[in-house]
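Examining the three-dimensional arrangement
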Amino acid sequence: MDTRPIGIFDSGIGGLTVVKEVMKILPGEDIYYFGDTARVPYGNKSPETITKFSFQNTRFLIDKDVKAIVIACNTASAFSIDSVKDNFSIPVLGVIEPGAYAAARETKSGKIGIIGTEGTIASRAYEKAIKKLLPNAEILGCPCPLFVPLVEEGWAGSKVSYLVAEEYLEPLKRAGVDTLVMGCTHYPLLKKVVRDVMGPDVALINPAEETAIDLMKVLAQHNLQSELKDRSHYKYYVSDNPDKFSKVGGNFLNKEVFNIDKIDIERY
Ligand code: DGL
């Protein structure tokens, strides 16, 4: 039994899609979330820069006495999960392995599409993780950089998002993938658009859901679960502009986001 909070970080607001799943599946746990809103986006930065950011974000959360870390950002998971795991002694989880596991479980034809930031797709992290489970899988990666700003503008269901999605997803449709990994924190908000464009027969994977399940297992393994309580405590930290985080964050969590502090991440 351990009542310390779970630490979750992301490049900004998108990781709230992971927070949402963790809140659902682990309602008795407190969560401290850090959104690196001053340095977002991570999706087009180098592996070295992302790894440095991940170390700082992890140090900050450990300083707040969290019992485990979830790297909610796909790009940061792709580039830095191994070095974060190697350098910190508390349990660390990313979103790539859980997403890969769900894709390998769902596919029937072995043809799997991955969408994500430029960094995530270039890293081939999903491909490597899926091939460990399904060596003959055919993986097609496709960066969709415009999806992130569309979601942040609140345009997820708009005509523009359909136009952009049709353009980006066309090669995946043509290749006949039967499973598509939504490998970026923001994409679950575009699920309806992606579903409409890809058609009803393609399985859509939201790595956030599988990550929350993994987290539950890891906490149990290490005897770190908290007891159930009436009300969990959620605290948010950002590196810039708490007002914008609060305003846009509501769309991600489907509830009000408050209790937000701005911190200086460069100190860590
Ligand atoms: N959180 C990032 C990811 O999941 C998307 C936003 C960004 O580029 O920072 O890859």
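Data block above holds the structure.
As a starting point, this report considers the structure included with it. (Residues numbered from 1 in each chain as written. Predicted model: local features only at pLDDT ≥ 70, side-chain atom pairs only at ≥ 80, totals over all residues. Heavy atoms only, no water.)

**Quick look at the overall build of the chain**
A tally of helices and strands in the chain yields 11 helices and 10 strands. In terms of overall size, the chain behaves like a compact globule, its C-alpha atoms giving a radius of gyration of 18 Å where 268 residues would be expected to give roughly 18 Å. Considering the chain as a whole, with its 268 residues, one finds that 57% of them fall into the buried category. Excluding contacts between residues fewer than 6 apart, the proportion of contacts in the chain whose partners are at least 24 apart in sequence is 76%. When the accessible surface of the chain is split by element, carbon and sulfur atoms take 50% of a total near 12,000 Å². Seen as two clouds, the 32 positive and the 35 negative side-chain charges of the chain have centres 1 Å apart. (Helix = DSSP H or I, 4+ residues; strand = E, 2+ residues; numbered from the N terminus. Rg over C-alpha atoms; globule rule 2.2 N^0.38 Å. Buried < 20%, exposed > 50% of the residue type's maximum accessible area, 1.4 Å probe, protein only. Contact = heavy atoms within 4.5 Å. Areas by Shrake-Rupley, 256 points an atom, 1.4 Å probe, with all protein chains shown as cover. Lys, Arg positive; Asp, Glu negative; His and termini not counted. Charge placed at Lys NZ, Arg CZ, Asp CG, Glu CD.)

**Some points on the state of the cysteines**
Scanning the entire structure with this criterion turns up zero disulfides. Looking at Cys-142, it has no disulfide partner, and the nearest cysteine sulfur is the one in Cys-144, 4.5 Å off. Overall, the relative accessible area of 11% leaves Cys-142 in the buried class. (Disulfide = S-S within 2.5 Å.)

**Things to note about the packing of helix H2 (residues 47-63) against helix H3 (residues 74-87)**
A pair of packed helices is characterised by two quantities: the angle between their axes and the separation of those axes. As a packed pair, H2 and H3 sit with axes 9 Å apart at the nearest point and diverge in direction by 55°. With respect to their mutual orientation, H2 and H3 come out oblique. Every pair of crossing elements has a handedness; the one defined by H2 and H3 is right-handed. Between H2 and H3, the residues in contact are Pro-47, Ile-50, Thr-51, Ser-54, Phe-55 and Thr-58 and Thr-75, Ala-76, Phe-79, Ser-80, Ser-83, Val-84 and Asn-87, respectively. (Axes fitted to C-alpha atoms, helices over the stretch in contact; angles between N-to-C directions. Parallel < 35°, antiparallel > 145°, perpendicular 65-115°, else oblique. Left-handed = near helix turned anticlockwise from the far one by under 90°.)

**Here's the deal with the sheet that holds strand E4 (residues 92-93)**
Across the sheet, which stays open at both edges, the six strands sit in the order E4-E3-E1-E2-E9-E10 with parallel pairing between neighbours. In this open sheet, the two edge strands, each paired with only one partner strand, are E4 and strand E10 (260-262). Summarising the sheet, strand E3 (residues 68-71) and E4 pair through two bridges and their orientation is parallel. By the bridge assignment, Ile-69 is partnered in E4 with Val-92. Here H3 sits on the sheet in contact with strand E1 (6-10), E3 and E4, set at roughly 155° to E3. (Pairing = 2+ DSSP bridges.)

**Focus on the site of the ligand**
Within the structure, the ligand sits among 13 residues, and Asp-10, Ser-11, Tyr-42, Gly-43 and Thr-75 are positioned closest to it. Looking at the shell around the ligand residue by residue, the classes come out as five nonpolar, seven polar and one charged. (Near = heavy atom within 4 Å. Nonpolar A, V, L, I, M, F, W, Y, C, P; charged D, E, K, R; others polar.)

**Quick notes on helix H1 (residues 16-25)**
Taking burial as the measure, the 10 residues of H1 include seven buried ones, the bulk of the element. Where H1 is concerned, the buried positions are Leu-16, Thr-17, Val-18, Val-19, Glu-21, Val-22 and Met-23. In this structure, the buried side of H1 is in contact with E1, strand E2 (31-35), E3, helix H10 (207-221), strand E9 (234-238) and helix H11 (242-253).

**Some details on the pairing of E9**
Burial within E9 is extensive, with five of its five residues counted as buried. Burial along E9 is two-sided: the residues Tyr-234, Tyr-236 and Val-238 and Lys-235 and Tyr-237 are all buried. Sheet analysis places E2 next to E9, joined by five bridges and oriented parallel. Bridge pairing in E9 places Ile-31 opposite Tyr-234. As paired strands, E9 and E10 are joined by three bridges and run parallel to one another. Opposite Tyr-236, over in E10, you have Ile-260 as the bridge partner. The β-α-β motif built from E9, the intervening H11 and the parallel element E10 has right-handed crossover chirality. (Right-handed = clockwise from strand over helix to strand, strands pointing away.)

**Brief notes about the nonpolar core**
Leu-16, Ile-115, Phe-147 and Tyr-236 are the most contacted members of the largest nonpolar core, which has 72 residues in total. Filtering out sequence-adjacent residues up to four positions away, Ile-115 remains in contact with Ile-121, Cys-142, Cys-144, Phe-147, Leu-169, Leu-172, Leu-180, Val-181, Met-182, Gly-183, Cys-184 and Tyr-187. Residues Phe-9, Ile-50, Cys-73 and Ile-265 belong to the second largest nonpolar core, which totals 23 residues. (Core = buried A, V, L, I, M, F, W, Y, C linked by side-chain atoms within 4.5 Å.)

**Some remarks on the environment of Glu-256**
Structurally, Glu-256 is set in the loop between H11 and E10. In this structure Glu-256 comes out as exposed when scored by relative accessible area, which is 64%. Glu-256 sits 55 residues away from Asp-201 along the chain, and the two C-alpha atoms are 34 Å apart.

**Brief notes about unusual backbone geometry**
Cis peptide bonds are those with omega within 30 degrees of zero, and the linkage from Val-40 to Pro-41 qualifies with 0°. For Pro-41, the location among the structural elements is in the loop between E2 and H2. Even without being a glycine, Arg-124 presents a positive backbone phi close to 55°.

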